[in-house]
Amino acid sequence: MKNEALEEEYIFKKLNEFKSKDLNYSSGRILGSMCSEPHPLSKKVFMDFLDSNMGDPGLFKGTKAIEDEVIKIMASFLSLDKPHGNIVTGGSEANIMAMRSARNLYMERNNLKNQWNEPFEVILPKSAHFSFKKASDILGIKLIEINLNDEYKMDIKSVKEKINKNTIAIVGVAGTTELGMIDPIEELSQIAIDKNIYLHVDAAFGGFSIPFLKDIGYDIPNFDFSNEGISSITIDPHKMGLTIIPTGCIIYREKKYLDLISVDSPYLTVKKQATIVGTRSGASSAATWAMLKYMGKEGYSQLANSCMINTNFLADALLKEGFSLITKPQLNILGFNHPKIDMNDLVKAIEEKSWRVSTSSYPKAIRIVVMPHIKNTHLREFMRDLREIKNDFNI
Ligand SMILES: *Cc1c(COP(=O)(O)O)cnc(C)c1O
């Protein structure tokens, strides 16, 4: 391949040609994404910290202190005073770390030396994120999927039935990817205590809204570290936190869980490393720190509340137009269908009107994530288009 040096101006021209093919959040047309436009402040701060490498924190002690503080602030939202953990690339990396900790804890407790011939099992809801499939493949653990009850939450009775001597962990989800439902975490915590099993809560999506909604009076079940059985929680600032991609976070109750997955890192300034990724940017931590300070608890409460108000507006509007909701939304995610229009036909018609929606796999439905870039005016336009679509289908 010929790759001659080019003028900067030409490079930008070319890059902008590529970029012009991207969708942008501000159009309000992206209705099926769990990400949103990062706040301008987080973009600015991110640029300021691009040089930092949290893989070698001895060289960037200031930025490392930011990472620690970010974890401390986020853990305080989750009722934990002395957290341990890392800012990572996203919810997937955080979940893989948690599963690695759980597996290694089980091996230590049972004095196992070789991880490749053991029948490790993780109990998780059918609604769990696909990152656990990656964890399963990488770590050699079997996923035991639990059916959902009629509220699309993990069925507790089946959890109890599936626990056996090979169970290394239970996973509950606080804000499922497809429908935003919150599993019965308090009950899972009690089971984890009774059976002495590692419990991980995946709050990648819900972690940045549930605590703030609870704060302003929403009736949402408790999913945080005040449940003593929880060992770790995943929470993603790059979803409802308004920070840049890549930013996820794993928070552990005890340092031991990090130690269990730390390997020697001889050529670096710190001699142990737990994250999956080696060289990793501290800019994610700095951008998140800035957003946490800028928004405060009040700012995040307002943000989560306005997304809920828009979600409920959309839910009501859909019902009025004869669409059916899969379930009453618990967070700012909503699944719907029309009883007389095939889902795939409906998706096609919606996309032809230049909206981008996603679909859920269980149950099959059109899935809308009402993120901060979606305003009430966009939802009204969307409803207008749905009425036209119904007309086109002669309904
Ligand atoms: C988005 C999401 C993940 C994965 O997070 P990434 O940042 O995409 O890696 C994991 N779990 C849940 C519940 C999610 O919604």
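The rules we used
- In this convention, every chain numbers its residues from 1, walking through the sequence in written order.
- Reporting of local features is limited, given that this is a predicted model, to residues whose pLDDT is at least 70; pairs of side-chain atoms are given and counted only at 80 or more, and all residues count toward the totals for whole chains, interfaces and linings.
- Only heavy atoms go into the side-chain values, all of them from the structure, while hydrogens and water stay out.
- In this description, strands pair whenever DSSP reports at least two bridges between them.
- Runs of H or I in DSSP of at least four residues are treated as helices and runs of E of at least two as strands, each being numbered from the N terminus.
- With axes taken as lines fitted to C-alpha atoms, and helix axes fitted only over the stretch in contact, angles between N-to-C directions fall between 0 and 180 degrees.
- Throughout, a contact is declared for two residues whenever any of their heavy atoms are within 4.5 Å.
- We call a residue near a molecule or strand as soon as one heavy atom of that residue lies within 4 Å of the molecule or strand.
- We call two N or O atoms a polar contact when they sit within 3.5 Å, provided that within protein one can donate a hydrogen and the other can accept it, with sequence-adjacent residues counted only if both atoms are side-chain atoms.
- Residue type decides the class: Asp, Glu, Lys and Arg count as charged, Ala, Val, Leu, Ile, Met, Phe, Trp, Tyr, Cys and Pro as nonpolar, and the leftover types, Gly among them, as polar.
- To estimate the expected span of a helix, count its residues, drop one, and scale the result by 1.5 Å.
- Among buried residues, the Ala, Val, Leu, Ile, Met, Phe, Trp, Tyr and Cys ones that are joined through side-chain atoms within 4.5 Å form a nonpolar core.
- When accessible area is computed with a 1.4 Å probe and restricted to protein chains, residues below 20% of their type maximum are described as buried, those above 50% as exposed, and intermediate ones as partly exposed.
- The split into domains, and so the bounds of each, comes from an automatic or database assignment of domains.
- Grid points spaced at 1 Å over the protein atoms alone were grouped into cavities, where a 1.4 Å probe fits but cannot get out, and pockets, open sets with protein on both sides within 12 Å along at least five of seven lines, with lining residues defined by an atom within 4 Å of a point.
- Grid points are joined across faces, edges and corners, and a volume is the space filled by probe spheres set on the points.

1. Side note on the sheet that holds strand β4 (residues 167-173)
Pairing is mixed in the open sheet, where 7 strands are placed in the order β1-β7-β6-β5-β4-β2-β3. Edge positions in the sheet fall to β1 (84-88) and β3 (142-146), since each of these pairs with one other strand and no more. For this sheet, the mean angle separating the axes of adjacent strands, direction not counted, is 20 degrees. With 4 bridges joining them, strand β6 (residues 230-235) and strand β7 (residues 248-252) adopt antiparallel strand pairing. Residue pairing in the sheet places isoleucine 233 in a bridge with isoleucine 251 of β7. Helix α5 (residues 131-139) contacts β2 (121-125), β3, β4 and β5 (198-202) of the sheet and is inclined by roughly 150 degrees relative to β3.

2. A short note on the site of the ligand
By nearness alone, 14 residues border the ligand, and Ser92, Asp202, Asp236, His238 and Lys239 come closest of all. Residue threonine 177 places a side-chain N or O atom 3.1 Å away from an oxygen atom belonging to the ligand. One of the side-chain N or O atoms of lysine 239 is found 3.0 Å from an oxygen atom in the ligand. Residue composition of the shell around the ligand, grouped by class: 3 nonpolar, 8 polar and 3 charged.

3. Observations concerning the environment of serine 226
Take serine 226: it is sitting in the loop between α8 (210-215) and β6. With residues near it in sequence (within four places) discarded, serine 226 still touches Leu78 and Ser79. A polar contact of 2.8 Å, which involves the side chain of serine 226, links it to the side chain of asparagine 222.

4. Structural notes on helix α12 (residues 376-392)
If you check α12, its first and last C-alpha atoms are 25 Å apart, about what 17 residues at 1.5 Å a residue would give, namely 24 Å. Here the buried face of α12 lies against α10 (283-320), β11 (333-337), α11 (343-352) and β13 (365-369).

5. Observations regarding the nonpolar core
Nonpolar side chains tend to gather and get buried jointly when the protein is soluble and globular. Core analysis: the largest hydrophobic core is formed by 59 residues, its most contacted members being Met74, Val159, Ile170 and Ile251. Among the elements that take part in this core, α10 stands out by supplying 10 residues, more than any other. If you count residues domain by domain, this core takes at least three from each of domain 1 (23-38 + 298-392) and domain 2 (40-292). Aside from chain neighbours lying at most four places away, what touches methionine 74 is Ile87, Phe208, Ile235, Pro237, Cys249, Ile251 and Leu292. Residues Met97, Met107, Val173 and Tyr198 belong to the second largest nonpolar core, which totals 30 residues.

6. Looking at the sheet that holds strand β10 (residues 324-325)
Within the open sheet, the 4 strands sit side by side as β10-β11-β13-β12. Their pairing is antiparallel. Each end of this open sheet is capped by a strand with a single partner; those strands are β10 and β12 (358-360). In this structure, β12 lies alongside β13, joined through 3 bridges in antiparallel fashion. Residue pairing across strands places serine 360 opposite alanine 365, the latter belonging to β13. Sheet strands touched by α10: β10, β11 and β13. Its angle to β11, the strand with the most contacts, is close to 10 degrees. Helix-sheet contacts for α11 involve β11, β12 and β13, and the interaxial angle to β13 is about 40 degrees.

7. Quick word on the side chain of glutamate 67
As for its placement among the helices and strands, glutamate 67 is situated in helix α3 (residues 61-77). The exposure class assigned to glutamate 67 is buried, which follows from its relative accessible area of 0%. Side chain to side chain, glutamate 67 and asparagine 86 meet in a polar contact 3.1 Å long. A distance of 2.8 Å separates the side chain of glutamate 67 from the backbone nitrogen of isoleucine 87, its partner in a polar contact.

8. Details of the layout of surface pockets
Space inside the largest pocket adds up to approximately 460 Å³. In terms of lining, the largest pocket is formed by 23 residues, of which the most central are Lys64, Gly85, Asn86, Leu258 and Lys272. Contributions of two or more residues to the lining of the largest pocket are made by α3, β1, α9 (255-259) and β9 (272-273). Per-element accounting of the lining of the largest pocket gives the leading share, 4 residues, to α3. Here the lining of the largest pocket is composed, by residue class, of 8 nonpolar, 8 polar and 7 charged. Considering only enclosed or pocket space, the second largest pocket measures out at about 280 Å³ in volume. In terms of lining residues, the second largest pocket is bounded by 15 residues, among which Lys126, Ser127, Ala128, His129 and Phe130 are the most central.

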